[in-house]
Amino acid sequence: MRTAAETTEVRRPSAVRALTTLLAVTAAATVVVELLNWWYAPEQEFGLAVRTGWAMLRSLAFLVLIGHVNRGRTVARPFGLILAVTTVFAVGRLVVPRQGVPPLPGLLGFALLTALCVSVVALLYRSETVGAYLVRHRKTLVVSGGTISWREAAPKRPPVAGWLLTSRVAAFTYSPLMLVPALVAGGAILDGRLAAAPAVVFWFVAGIVVSYAVLFCTAFLMRGRRWARTLLVVITLGVLAVDLPLCWWLLGVDGLVRDGGPLVAAAVLALYGLWRATRAEPPPPPT
């Protein structure tokens, strides 16, 4: 058999090029704002270091999103929405100190970052040019007529609503959003609160189990299984029931707001995506 490679390149429209530039600026702004928050923080304790490190990893996620946009991938829209929303929450929780008022440079940086994230979402969902460009699927090996080619291929599963993709991406954030506060709570063990050790270990294990549960559930969600939607709702409610009380108990009200807030935002997006996808489906035929 012969081997062929697809070489046709689609020129990116100006709106898409503007979006990739905006994403690069947002990634850089994320790092700058986090460093400003760290510099002006009155107490540079273990929990702030963990939250800052996790927030800085989001700059790498923006680079991944740029790759999806450049390739015109359909997943870029939901990925960008979740990334923008959770970035605002992740950085916002670093701006407000435990006591006193936030420093002015941190507030200005957070306002700029919020404006950038809003602009990203607006371009992704309001620009017809961008929407028409983000329609491609991943490339894979395709055997056709005795020729092996590396080209775009539509997935074998039935087409799914874009809001289901949003729910899927939002659900994938549950595990890291649980593991980050669990790691912060691990600092309590280092401070001598050995009684909290079983709860912290349970928190870690729960975060890992949730990642596998979401992976299993969303695999069937993308194949149109209705029971998978119900399972995702159950997983979402279970995550909130575990994470929020542990945040309040081990990290206090401050931790509940800082670490529980982003998880609640992701859960709301996941549930809203399921609701919108259900509404968009045609009614069943009369029997």
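Just above, that's the structure.
This text gives an overview of the structure that appears in the document.

Thresholds, definitions, all that
Residues numbered from 1 in each chain as written. Predicted model: local features only at pLDDT ≥ 70, side-chain atom pairs only at ≥ 80, totals over all residues. Heavy atoms only, no water. Helix = DSSP H or I, 4+ residues; strand = E, 2+ residues; numbered from the N terminus. Buried < 20%, exposed > 50% of the residue type's maximum accessible area, 1.4 Å probe, protein only. Contact = heavy atoms within 4.5 Å. Areas by Shrake-Rupley, 256 points an atom, 1.4 Å probe, with all protein chains shown as cover. Core = buried A, V, L, I, M, F, W, Y, C linked by side-chain atoms within 4.5 Å. Phe/Tyr/Trp six-rings, centres within 6.5 Å; stacked < 30°, edge-to-face > 60°. Lys NZ or Arg CZ within 6 Å of the ring centre and 35° of its normal. Polar contact = N/O pair within 3.5 Å; in protein donor to acceptor, adjacent residues only side chain to side chain. Patch = residues over 30% accessible without salt bridge, like charges linked within 9 Å, V, L, I, M, F, W, Y side chains within 5 Å. Salt bridge = Lys/Arg side-chain N within 4 Å of Asp/Glu carboxyl O.

Our next topic: the overall build of the chain. For the chain, the helix and strand inventory stands at nine helices and three strands. Each helix (α) and strand (β) of the chain, taken in turn from the N terminus, gives the series β-α-α-α-α-α-β-β-α-α-α-α. Burial analysis of the chain (287 residues in total) assigns 43% to the buried set. Taking the contacts inside the chain whose residues are at least 6 apart along the sequence as the reference set, 73% of them involve residues at least 24 apart. Total accessible area on the chain is roughly 15100 Å²; 68% of this is exposed by carbon and sulfur atoms.

Within the largest apolar cluster, 68 residues are counted, with the highest numbers of intra-cluster contacts made by L23, Y174, W203 and L250. With 16 residues, helix 9 (residues 226-280) is the largest single contributor of residues to this core. Other than its neighbours up to four places away in sequence, L23 contacts F62, L65, I66, V69 and V120.

Before going further, it helps to examine the packing of aromatic side chains. Using the criterion set out here, one finds five aromatic pairs in the structure. With 6.2 Å between their ring centres and 40° between their planes, F216 and W227 make a pair best called tilted. Of this pair, F216 sits in helix 8 (residues 197-221) while W227 sits in helix 9, and the two are eleven residues apart along the sequence. Centre to centre, the rings of F220 and W227 are 5.0 Å apart; their planes meet at 45°, and the pair counts as tilted. A residue is classified by how much of its surface remains accessible, and F220, at 28% relative accessible area, is partly exposed. Residue W227 is classed as partly exposed on the basis of its relative accessible area, which comes to 40%. Aromatic ring contacts, followed pair by pair, group W163, Y272 and W275 into a single cluster. Geometry around Y125 places R77 over its ring, the cationic atom sitting 5.4 Å from the centre.

Tracing the backbone through its elements, the reader meets T26 in helix 1 (residues 14-40). Assessed through its relative accessible area of 0%, T26 is described here as buried. A polar contact is formed between the side chain of T26 and the backbone oxygen of L22, at a distance of 2.7 Å. Each residue touching T26, except ones within four places of it in the same chain, is listed here: F62, L113, L116, C117 and V120.

Residues F172, I208, Y212 and L215 make up a contiguous nonpolar surface patch of about 420 Å² in total accessible area. It is helix 8 that provides the largest number of residues to the nonpolar patch, a total of three residues. Among the structural elements, Y212 can be located in helix 8. Since its relative accessible area comes to 58%, Y212 is described here as exposed.

By themselves, these are just geometric observations and shouldn't be taken as functional.
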